[in-house]
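Understanding the architecture of this molecule
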Amino acid sequence: MDKSTIVNGLSVDVEDWFQVGAFENTISRGDWDGLELRVGDNVARILDLFDGAGVKATFFTLGWVAERNKPAMRAIVERGHELASHGYDHTRVFTFTRAQFAEDIARARAILEDAGGQEVTGYRAPSFSIDARNRWAHEVLAEHGYAYSSSVAPVVHDHYGWREAPRFAFNPVAGSDLVEIPVTTALFRRRRLAAGGGGFFRVLPYGFSRWAIRQVNREGRPAVFYFHPWEVDPGQPRVAEAPLRSRLRHYTNLTRMEGKLSTLLGDFAWGRMDALAAREMPRSLAWAA
Ligand SMILES: [Zn+2]
């Protein structure tokens, strides 16, 4: 098929199989150090997949993960990808005070810059946890000199969402160049559908994602897609105690994910989020508190 000339944003939220929101009531933070680390091997497979497709991407990585997987961090940078921040330990931003959030992003950034040897300029909130409750989070990111954030899901979802936020690049802080690049939504009968990846991509037929990204590109805009390393890992330990709904969402189609991703990478043009943010900045909408 003919590819659109629009370069879409490809991102990986780098956290391990036990650090996902779906299991937070089953696996406590104190248990993490006793669990098998699988994210390093999964990142290695993803890097091979990206090399095979000839694409570059952004890896939004937890500080906790970077501390324990330094070779994987170096490989991400050496192979031409962007290493960016996903916070220290996946605490949702709206549970922080402003000062705690500042501390969290500074801690994660220092670890990531040490591990990757490059400046970190991008941030993605765990579980897209910047919304109407904590607009101050964007101010903190601007104060800390971040170039962009990709932390808003402009849609209603059972775990997250900021329904009123713009669908495309906006400047959330008056007087700052900080750009927010929301995760992709597609319009269907004027309703916004979450279409940026995660469970939707894995669980729904591939045709939905292809349709959604084409729609967004027809609007003249890049899509922003994300997935997680554990989604390409059918061998990960099963968390039997988690609620059925969480398990269904987490374990469906893990074996088919890599093939689906290959198709997606071939069907569209993809690149890093820092480059996308720089391209979108001139036309980003002023939408500040
Ligand atoms: Zn995450």
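Now for a look at the structure at hand. Fair warning: this is a prediction, and the values are worked out from it, not measured in the lab.

1. Describing the environment of G198
One can find G198 in the loop between β9 (191-194) and α6 (199-203). The class for G198 is buried, based on a relative accessible area of 1%. Considering only alpha carbons, one finds G198 and F225, 27 residues apart in sequence, at a separation of 8.2 Å. With residues up to four places along the chain from it excluded, the contact list for G198 reads Y226 and E231.

2. A few points about the packing of aromatic side chains
With the rule as written, the count across this model stands at 22 aromatic pairs. The interplanar angle of 90° and the centroid separation of 5.2 Å between the aromatic rings of W17 and F18 together place this pair among those described as edge-to-face. No difference in accessibility class separates W17 from F18, as the two residues are buried. In this structure, K260 is placed above the aromatic ring of F201, and the distance from its NZ or CZ to the ring centre is 5.5 Å.

3. Quick look at empty space enclosed by the protein
What the rule picks out here adds up to two cavities of 30 Å³ or more. Lining the largest cavity, in full, are R167, F168, A169, I181, P182, V183, T184, T185, P222, V224, L276 and E280. A breakdown of the residues in the lining of the largest cavity according to their chemical character gives eight nonpolar, two polar and two charged. Space inside the second largest cavity adds up to approximately 50 Å³.

4. Considering the nonpolar core
Counting residues in hydrophobic clusters, the biggest one holds 72 residues, and the most contacted among them are F50, F59 and F227. It is helix α4 (residues 98-116) that contributes the most residues to this core, seven residues altogether. Other than its neighbours up to four places away in sequence, F59 contacts V12, V14, V43, I46, L47, F50, I76, H81, E82, L83 and A84.

5. Digging into the layout of surface pockets
When its volume is computed, the largest pocket comes out at roughly 760 Å³. Taken together, 35 residues form the lining of the largest pocket, with A22, H157, H159, Y160 and R249 sitting closest to its centre. Elements supplying a minimum of two residues to the lining of the largest pocket: α6 and α8 (244-251). Among the elements that take part in the lining of the largest pocket, α8 stands out by supplying five residues, more than any other.

6. Examining the pattern of salt bridges
A side chain of one charge can pair with a side chain of the opposite charge when the charged atoms of the two come close. Within the structure shown, the criterion is met by 20 salt bridges. The closest approach of N and O atoms between E24 and R92, which form a salt bridge, is 2.7 Å. Residue E24 is found in the loop between β1 (7-14) and α1 (39-53), and its partner R92 is found in the loop between β3 (82-85) and α4; the two are separated by 68 residues along the sequence. A salt bridge links D51 to R79; its shortest N-O distance comes to 2.9 Å. Placement of the pair is D51 in helix α1 and R79 in the loop between α3 (70-78) and β3, with a sequence separation of 28 residues.

7. With respect to the coordination of the zinc ion
Protein coordination at the zinc ion comes from E15 (OE), H86 (NE2) and H90 (NE2), with a distance range of 2.1 Å. Written as a sequence motif, the donor residues of the zinc ion are E-x70-H-x3-H. Taken together, the positions of E15 in the loop between β1 and α1 and H90 in the loop between β3 and α4 put the pair 75 residues apart, joining distant regions of the chain. No difference in accessibility class separates E15 from H90, as the two residues are buried.

8. Comments concerning the side chain of H250
Relative to the helices and strands, H250 resides in helix α8. In this structure the side chain of H250 is engaged in a polar contact, spanning 2.9 Å, whose partner is the side chain of Q236. Not counting chain neighbours up to four residues away, the residues in contact with H250 comprise W17, V20, F23, R202, W230 and Q236.

The rules behind the values
- Residues numbered from 1 in each chain as written.
- Predicted model: local features only at pLDDT ≥ 70, side-chain atom pairs only at ≥ 80, totals over all residues.
- Heavy atoms only, no water.
- Helix = DSSP H or I, 4+ residues; strand = E, 2+ residues; numbered from the N terminus.
- Buried < 20%, exposed > 50% of the residue type's maximum accessible area, 1.4 Å probe, protein only.
- Contact = heavy atoms within 4.5 Å.
- Phe/Tyr/Trp six-rings, centres within 6.5 Å; stacked < 30°, edge-to-face > 60°.
- Lys NZ or Arg CZ within 6 Å of the ring centre and 35° of its normal.
- 1 Å grid on protein atoms, 1.4 Å probe; cavity = no way out; pocket = protein on both sides within 12 Å on 5 of 7 lines; lining within 4 Å.
- Points joined across faces, edges and corners; volume = space filled by probe spheres on them.
- Nonpolar A, V, L, I, M, F, W, Y, C, P; charged D, E, K, R; others polar.
- Core = buried A, V, L, I, M, F, W, Y, C linked by side-chain atoms within 4.5 Å.
- Salt bridge = Lys/Arg side-chain N within 4 Å of Asp/Glu carboxyl O.
- Donors = N, O, S within 2.8 Å, 3.2 Å for Na, K, Ca; no water.
- Polar contact = N/O pair within 3.5 Å; in protein donor to acceptor, adjacent residues only side chain to side chain.

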